[in-house]
Amino acid sequence: MLSRKNKLLLLKLLSLFSVVRGYNILMIGLAQYLASIYILAPQLPLRSVVFDLNLFLIVLASALVIASGYIINNFYDAEKDLINKPRKSMLDRLVSQRFKLTTYFVLNFLSVFAASYVSFRAVLFFSAYIFGIWFYSHKLKKVPFVGNFVSATLAIAPFFAVFVYYKNFETVIFVHAVFLFLLILVREMIKDLENMTGDMAQNYRTIPIIYGVRFSKMLIAVLILLTLLPSWLLITKFDVGLMDYYFMGSIFLLLPFLLLLLRSRHKMHYVWLHNILKLMIIAGVFSILLIDIDLVLNRIL
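Residues numbered from 1 in each chain as written. Predicted model: local features only at pLDDT ≥ 70, side-chain atom pairs only at ≥ 80, totals over all residues. Heavy atoms only, no water.

A. Local environment of the environment of Ala 221. Among the secondary structure elements, Ala 221 is positioned in helix H13 (residues 213-236). Residues Ala 221 and Leu 255 lie 34 residues apart in sequence; the distance between their C-alpha atoms is 9.7 Å. Among residues more than four places away in sequence, those in contact with Ala 221 are Leu 258 and Leu 261. (Helix = DSSP H or I, 4+ residues; strand = E, 2+ residues; numbered from the N terminus. Contact = heavy atoms within 4.5 Å.)

B. Expanded view of unusual backbone geometry. Of note, Phe 145 is a non-glycine position whose phi angle comes to about 65°, a positive value. Within the element layout of this structure, Phe 145 appears in the loop between helix H8 (120-138) and helix H9 (146-166). Judged by its relative accessible area of 33%, Phe 145 is partly exposed. Even without a glycine there, the phi angle at Lys 167 is positive, about 50°. Within the secondary structure, Lys 167 is located in the loop between H9 and helix H10 (171-194). (Buried < 20%, exposed > 50% of the residue type's maximum accessible area, 1.4 Å probe, protein only.)

C. Geometry of the packing of aromatic side chains. Taken as a whole and assessed by the stated rule, the structure comprises 17 aromatic pairs. Measuring from ring centre to ring centre gives 6.1 Å for Phe 125 and Tyr 129, while their planes differ by 35°; the resulting arrangement is tilted. Here Tyr 129 and Phe 125 lie together in helix H8, a separation of four residues that amounts to about one turn. When its relative accessible area of 6% is taken as the criterion, Tyr 129 is described as buried. Among the aromatic residues, ring-to-ring pairing joins Phe 125, Phe 126, Tyr 129, Phe 160, Phe 163 and Phe 174 into one connected group. (Phe/Tyr/Trp six-rings, centres within 6.5 Å; stacked < 30°, edge-to-face > 60°.)

D. Looking closely at the environment of Ser 216. In this structure, Ser 216 sits in helix H13. Using a relative accessible area of 1% as the deciding quantity, one classes Ser 216 as buried. When the C-alpha positions of Ser 216 and Met 189 are compared, they lie 7.7 Å apart, and in sequence the two are 27 residues distant. What Ser 216 contacts, discounting residues up to four positions off in sequence, is Leu 193, Ile 207 and Pro 208.

E. Inspection of the pattern of salt bridges at higher detail. Within the structure shown, the criterion is met by two salt bridges. Glu 188 serves as the salt-bridge partner of Arg 187, at 3.3 Å between the closest nitrogen and oxygen. Across the pair Lys 191 and Glu 188 runs a salt bridge, and its minimum N-O distance is 3.6 Å. Of this pair, Lys 191 and Glu 188 both sit in helix H10, separated by three residues, roughly a single helical turn. In this structure, Lys 191 and Glu 188 share a single accessibility class: buried. A cluster of three or more residues bridged by salt bridges with shared partners is formed by Arg 187, Glu 188 and Lys 191. (Salt bridge = Lys/Arg side-chain N within 4 Å of Asp/Glu carboxyl O.)

F. Seen up close, the environment of Lys 217. Of note, Lys 217 is situated in helix H13. For the pair Lys 217 and Leu 193, spaced 24 residues apart in the sequence, the C-alpha separation amounts to 8.8 Å. Apart from residues no more than four positions distant in its own chain, Lys 217 is found in contact with Leu 193, Leu 261, Leu 262, Arg 263, Ser 264, Arg 265 and Tyr 270. Within polar-contact distance, the side chain of Lys 217 engages the backbone oxygen of Leu 261 at 3.4 Å. (Polar contact = N/O pair within 3.5 Å; in protein donor to acceptor, adjacent residues only side chain to side chain.)

G. Highlighting a nonpolar patch on the surface. The grouping of Leu 30, Leu 279, Ile 282 and Phe 286 at the surface amounts to a nonpolar patch, some 340 Å² of accessible area in total. Here the nonpolar patch gets three residues from one element, more than from any other, and that element is helix H15 (residues 267-287). (Patch = residues over 30% accessible without salt bridge, like charges linked within 9 Å, V, L, I, M, F, W, Y side chains within 5 Å. Areas by Shrake-Rupley, 256 points an atom, 1.4 Å probe, with all protein chains shown as cover.)

H. Structural detail: the side chain of Asn 168. Relative to the helices and strands, Asn 168 resides in the loop between H9 and H10. There is a polar contact of 3.2 Å between the side chain of Asn 168 and the backbone nitrogen of Glu 170. Those residues in contact with Asn 168 that lie beyond four places of it in its chain are Ile 39, Leu 40, Phe 163 and Ile 173.

This is the structure:
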């Protein structure tokens, strides 16, 4: 049996894991490695990519910055989250704000330190990334659409880091990036619909609050239709192996998703839509393996 002190310590660790959303960070790290192996550097032997120390440090620095970003975002959104996410917020509050801020600065220092081993350009990139996340959380988050756009941009920045590292400028990579960016942007805008109650209480100037729910839905619908374009291009114009099936599935899923969005009225509906998009993004990460299924089978067998 755990003592009361150990139970409290375990709860605090769980609280910190909840604040930094460790599951998201693990997924992003996996996505960076899979993108490096199958999209950015497919010509390199698997071992040279997996055991590349510079790539590991880029992924590590990305994870540390993202974790610190979640902390500072949680710090600024503490009051809003009490309304929008009361259960999660109570768990997050087991760790003091002072400890969160201390952890924030330590993680940022460690990320820049890890990047310094790679190159000075990496240090500049991750320093700018840290500043961008802070500025978004402090100022831009409350600016309609700009906040959504910047949030989606920051979400794909870790992939830009490995993209620059491998210096692969093929068109197919940009099309992949546009698809992911639009999907994340749609998710961010649905989160605004989901969190309207807390946003209104804290005077956040989001699109549904300023321009109305109907306008917000129409804007999201336009973004969903735009998402179909890179999906179609990746199916018809580029060789992405069996990942074709993922993009075909995305097209067939996004069309009924659009109808569900237009019919949604309550917070729970928006939570379901948000979760559908999260599942699509997670499925997209693992479907990268389908680009070269022979490589996967050879490694398994």
